[in-house]
Amino acid sequence: MRAHRFAAMGSEVHVLLPSDRGDAITHVRELFVDWERRLSRFLPHSELSQLNGRLGQPVIVTPLLFEAISAGVAAASATEGMFDPTLLPQLRRIGYSDSFDRMPPSLAATDEAPREGGDWRRIVLDRRSRTVLLPPGCAIDLGGIAKGMATDSAIGLVRRKGVKAALISAGGDLCVHGLPPAARAWRVLVGSDPSGEVVPLVRGALATSGVTRRHWLQGEARRHHLLDPRTGDPAASDLREVTVAASTCEVAEVAATVCFALGARLGTKFLTSRGLAGRMTHENGMTSTVGPWPPVRHLDAA
Amino acid sequence: MASALGFAALFGLVTQHVVKGASAGTAATPSPRSATANTVPFFDANASGFAFDEGSGATAPQSAAAPPPVAQTSVS
């Protein structure tokens, strides 16, 4: 297998392809660049930014944007609003108005009070006319779910191109297809800790959400990007990081985000009730697992 | 020809108005539908589509007996 890397959607994209199928990287890169160009909230001319600027009227959108918004709304509905694609005003309130790499490490304090989420409930989607109507005050940030969907779509693309095995990882979302030569699984290091766990993923996807990377100061307040829709403020979670295994990055990303905001106790219930597997790193550094997450084998001690 | 097209357009507008007017007070025809009426399953169809190799389990990355990881999930 050969590794390829490029930057897109605010992340480094890491792609493993068979050594004789390096041609497929062009298609993968084009897909990510196209999705970012259309779905980024940081690009003023993206289709999403244009839609966010046209409130109170039905707007005909491209199939890609319609499906991404539909997925975000479906995820919000399925999680009773704990995943919320309409928290952009709340993110702007805490200063997350630009790509994280361009943000200063500290920002001026704000006097604006937090506002709970839930604007997704007032979005009107019409699949027949492919129109989206955003109510006044609403603004969409597809962030993580769009990146997850792009990763899933890229894996589907290389499969259709006849590539027998591939791994694509984009800023916390990772998806595999097939198996590497002479291997029973893809050995994937989970999360941000270089001395963390390596799990043997055979099929499906992993997504990791946490606050180890994206955090900053706003006045005296420590901020991060994982908001609790119930308050509109950064989630006061007892977790540092959550990784979820699912069939797709789209689902894993949503589940990891929700689990983080719910915290360890309710997050465990949430993952269990949906048959998902997960690994949590708690604030104190301890780890716990949920569902069919592989048990740790201590090979060195054997 | 032009008048025929004009009539067709006018007929279309009238038809559209009637349909919208009829549906405005009818809860049984919710299209265009609001986001709260979305019934698309999100988790149900996807819960069992992942698998780990049960024989090998998770390991520490520095384990001498295991090959190195091929990738890292990073953090979003």
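Values in this document were obtained by computation on a predicted structure and should not be read as measured data.

**Q** Explain the overall build of chain B here, please?
**A** Regarding its fold elements, chain B presents one helix and three strands. N-terminal to C-terminal, the α/β element order of chain B is α-β-β-β. Across the 76 residues that make up chain B, the buried fraction comes to 21%.

**Q** Before we go on, may I ask you to explain the sheet that holds strand S4 (residues 106-107) of chain A in this structure?
**A** Strands in a sheet are paired, the pairing made by backbone hydrogen bonds, and the direction either parallel or antiparallel. Residues and elements named next belong to chain A. Across the sheet, three strands lie side by side as S4-S11-S12; this open sheet has mixed pairing. Each edge of the open sheet is held by one strand with a lone partner, namely S4 and strand S12 (221-224). Bridge analysis of S4 against strand S11 (residues 215-218) gives two bridges, and the strand direction is parallel. Of the residues in S11, the one forming a bridge with Leu107 is Gln218.

**Q** I would appreciate a short explanation of the nonpolar core in the present structure.
**A** If you look at soluble globular proteins, the nonpolar side chains tend to sit buried side by side. Residues and elements named next belong to chain A. If you look at the biggest cluster of nonpolar residues, it comprises 96 residues, and the most contacted ones within it are Val188, Val244, Ala252, Ala255 and Cys259. Looking at which element gives the most residues to this core, the answer is helix H6 (residues 249-262), with eleven residues. The residues touching Ala255, leaving out its near neighbours within four places in the chain, are Val244, Ala246, Leu271, Arg274 and Leu276.

**Q** Explain the environment of Thr243 of chain A to me, please; I cannot follow it from the model alone.
**A** Tracing the sequence through the fold places Thr243 of chain A in strand S15 (residues 239-246). The class of Thr243 of chain A is buried, set by 31 C-beta atoms lying within 10 Å. With 35 residues separating them in the primary sequence, Thr243 of chain A and Thr208 of chain A have C-alpha atoms 4.1 Å apart. In this view, Thr243 of chain A contacts Val190, Gly191, Leu206, Ala207, Thr208, Ala256, Gly278 and Arg279 of chain A together with Thr73 of chain B; residues no more than four positions away in its chain are not counted.

**Q** Looking at this structure, I do not really get unusual backbone geometry. What am I missing?
**A** Leave glycine aside and you will find that most residues have negative phi; peptide bonds, for their part, are mostly trans. All names here are of chain A. Phi angles above zero are rare outside glycine, and Met9 is one such case at about 50°. Structurally, Met9 can be placed in the loop between strand S1 (2-8) and strand S2 (11-17). Classification of Met9 as buried rests on a count of 25 C-beta atoms within 10 Å. Non-glycine residue Ala182 carries a positive phi angle of around 55°. With respect to the helices and strands, Ala182 occurs in the loop between strand S8 (173-177) and strand S9 (186-189). We classify Ala182 as exposed; it has 5 C-beta atoms within 10 Å.

**Q** How should I be thinking about the confidence of the model for chain B in this particular structure?
**A** Caution applies to low-pLDDT regions: their predicted coordinates should not be interpreted in detail. Residue and element names in this part refer to chain B. Summarising the model, chain B shows a mean pLDDT of 59, and 41% of its residues fall at 70 or more. The lowest-confidence element of chain B is helix H1 (residues 2-24), averaging 37 in pLDDT; the highest-confidence one is strand S2 (residues 51-52), averaging 96. Ignoring residues within four places in sequence, the model shows residues 1-33, a span with pLDDT below 50, making nine contacts including any to other chains. Overall fold confidence for the complex sits at a pTM of 0.88, while the interface term, ipTM, reaches 0.92.

**Q** Would you mind going over the packing of helix H3 (residues 63-78) of chain A against helix H5 (residues 143-160) of chain A with me for this structure?
**A** Describing two packed helices takes the angle between their axes plus the distance from one axis to the other. Residue and element names in this part refer to chain A. Packing of H3 against H5 brings their axes to within 10 Å, and their N-to-C directions diverge by 120°. Relative to H5, the crossing made by H3 is right-handed. Residues Ala68, Ala71, Gly72 and Ala75 of H3 touch H5, and the partners they reach there are Ile145, Ala146 and Met149. Of the residues belonging to the contact of H3 with H5, the class tally is six nonpolar, one polar and no charged.

**Q** What is the right way to look at the interface of chain B and chain A in this model?
**A** Where the parts come together, the accessible area they lose is often given as the size of the interface. Opposite the 38 residues of chain B that make contact, chain A presents 70 residues. Contributing elements (two or more residues each) for the side of chain B that touches chain A: strand S1 (33-34), S2 and strand S3 (71-72) of chain B. A breakdown of the residues in the side of chain B that touches chain A according to their chemical character gives 20 nonpolar, 16 polar and two charged. Note: S9 of chain A against S3 of chain B, two bridges, orientation parallel. Its bridge partner being in S3 of chain B, Leu189 of chain A is matched across the sheet by Gln72 of chain B.

**Q** Mind showing me how you'd approach H3 of chain A here?
**A** Note: α-helices contain 3.6 residues per turn, so residues at a spacing of three or four share the same orientation. Residues and elements named next belong to chain A. In this model H3 runs 22 Å from its N-terminal to its C-terminal C-alpha over 16 residues, within 8% of the 22 Å that 1.5 Å per residue would give. For H3, the full list of buried residues reads Leu65, Ala68, Ile69, Ala71, Gly72, Val73, Ala74, Ala75, Ala76, Ser77 and Ala78. Tucked into the core, H3 has its buried residues touching helix H1 (24-39), helix H2 (47-52), strand S5 (124-126), strand S6 (131-133), H5 and H6. Looking at the residues trailing H3, positive phi occurs at Glu80, about 50°.

**Q** What's the story with helix H7 (residues 264-273) of chain A in this structure? I'm lost.
**A** Residues and elements named next belong to chain A. Buried within H7 are the following residues: Ala264, Gly267, Phe270 and Leu271. Viewed end-on, H7 has its buried residues packed into an arc of 125°, placing them on one side of the element. Away from the buried face of H7 by more than 90 degrees, exposed residues Arg265 and Ser273 are located. The inward-facing, buried residues of H7 contact S15, H6, strand S16 (277-282) and strand S17 (287-290).

**Q** Can you help me understand the environment of Arg279 of chain A in this one?
**A** Mapped onto the elements of the fold, Arg279 of chain A is located in strand S16. Distance in space between the C-alpha atoms of Arg279 of chain A and Val59 of chain A is 40 Å, their sequence separation being 220 residues.

**Q** Help me out: how do you make sense of the pairing of S2 of chain A in this one?
**A** Residue and element names in this part refer to chain A. Residues of S2 alternate between two faces, with Ser11, Val13, Val15 and Leu17 buried on one and Glu12, His14 and Leu16 left unburied on the opposite face. Examined bridge by bridge, S1 and S2 share seven bridges and lie antiparallel to one another. When the sheet's bridge partners are listed, Phe6 is paired in S2 with Val13. Linking S1 to S2, which pair antiparallel, is a turn of two residues; within it Met9 sits at a positive phi near 50°. Relative to strand S7 (residues 166-170), S2 is paired through four bridges, and the arrangement is antiparallel. Residue pairing across strands places Val15 opposite Ile168, the latter belonging to S7.

How each quantity is defined
Residues numbered from 1 in each chain as written. Chains lettered and ligands numbered in written order. Predicted model: local features only at pLDDT ≥ 70, side-chain atom pairs only at ≥ 80, totals over all residues. Helix = DSSP H or I, 4+ residues; strand = E, 2+ residues; numbered from the N terminus. Buried ≥ 20, exposed ≤ 12 C-beta atoms within 10 Å, placed from the backbone. Pairing = 2+ DSSP bridges. Core = buried A, V, L, I, M, F, W, Y, C linked by C-beta atoms within 7 Å. Contact = placed C-beta atoms within 7 Å. pLDDT = per-residue confidence, 0-100. Axes fitted to C-alpha atoms, helices over the stretch in contact; angles between N-to-C directions. Left-handed = near helix turned anticlockwise from the far one by under 90°. Nonpolar A, V, L, I, M, F, W, Y, C, P; charged D, E, K, R; others polar. Expected span 1.5 Å × (residues − 1). Arc of directions from axis to C-beta.

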